[in-house]
Amino acid sequence: EFYTIEEGHRRDVVGEKEFIQLSALNMNEGHTFKPHQHIWKPGEEQCIAQESWVVIKGSVKVIMYDLDDTIVETPILYPGDCSMTFQGGHNYEILEEDTIVYEYKTGPYKGVENDKEFLNEA
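Residues numbered from 1 in each chain as written. Predicted model: local features only at pLDDT ≥ 70, side-chain atom pairs only at ≥ 80, totals over all residues. Heavy atoms only, no water.

Time to look at a negative patch on the surface. Together, Asp-66, Asp-68, Asp-69 and Glu-117 make up a region of like negative charge exposed at the surface. Relative to the assigned elements, Asp-66 resides in the loop between β4 (60–65) and β5 (71–73). The class of Asp-66 is partly exposed, set by a relative accessible area of 37%. (Patch = residues over 30% accessible without salt bridge, like charges linked within 9 Å, V, L, I, M, F, W, Y side chains within 5 Å. Areas by Shrake-Rupley, 256 points an atom, 1.4 Å probe, with all protein chains shown as cover. Salt bridge = Lys/Arg side-chain N within 4 Å of Asp/Glu carboxyl O. Lys, Arg positive; Asp, Glu negative; His and termini not counted. Charge placed at Lys NZ, Arg CZ, Asp CG, Glu CD. Helix = DSSP H or I, 4+ residues; strand = E, 2+ residues; numbered from the N terminus. Buried < 20%, exposed > 50% of the residue type's maximum accessible area, 1.4 Å probe, protein only.)

Enumeration over the complete set of coordinates arrives at 1 aromatic pair. Geometrically, the ring pair formed by Trp-53 and Tyr-92 is stacked, given 3.6 Å between the ring centres and 5 degrees between the ring planes. Taken as a pair, Trp-53 in strand β3 (residues 51–57) and Tyr-92 in strand β8 (residues 89–94) lie far apart in primary sequence, 39 residues in all. For Trp-53, a relative accessible area of 11% gives the class buried. Here Tyr-92 falls in the buried class, since its relative accessible area comes to 14%. (Phe/Tyr/Trp six-rings, centres within 6.5 Å; stacked < 30°, edge-to-face > 60°.)

Note on soluble globular proteins: their nonpolar side chains tend to be buried together. If you look at the biggest cluster of nonpolar residues, it comprises 7 residues: Trp-53, Val-55, Val-60, Val-62, Met-64, Leu-77 and Tyr-92. Excluding residues within four positions of it along the chain, Val-62 makes contact with Glu-73, Thr-74, Pro-75, Leu-77, Ser-83, Asn-91 and Tyr-92. (Core = buried A, V, L, I, M, F, W, Y, C linked by side-chain atoms within 4.5 Å. Contact = heavy atoms within 4.5 Å.)

Attention now moves to unusual backbone geometry. The phi torsion at Asp-69 lies on the positive side, around 75 degrees, for a residue other than glycine. Relative to the helices and strands, Asp-69 is located in the loop between β4 and β5.

This part takes up the pattern of salt bridges. For side chains of opposite charge, pairing can occur when their charged atoms come near one another. Here the structure, examined in full by the defined rule, presents 2 salt bridges. Note that Lys-57 and Asp-98 form a salt bridge whose closest N and O atoms lie 2.5 Å from each other. Separated by 41 residues along the polypeptide, Lys-57 in strand β3 and Asp-98 in the loop between β8 and β9 (100–105) bring together distant segments of the chain. Residue classification places Lys-57 among the partly exposed residues on the basis of a relative accessible area of 39%. On the basis of relative accessibility, which here comes to 52%, the residue Asp-98 falls in the exposed class.

In structure tokens, the structure reads:
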């Protein structure tokens, strides 16, 4: 979904309780922020890896699954687009040679056996 943002404004795309946060900002040249660093906070005992892909070059078909493993959406992402998975499943089909994406997800990564449950493909 495309978000229109007025100049100089911020739109939070993701709810504040999700593990991955995403906001879209529209800023002009020379805009700056107060210098800062983020602080360590106590973590949850149980958490799920949440993942986001940002397409830099090329295109990607995203297959998004509901909690019962049914496909709910299959958008195509182009440069500048992103996907976010909070629960449910996902798969990606690369549609062009030399496609580049940035993948962001919560960590730490403790190996595939502690990170993923593979879905049955039809």
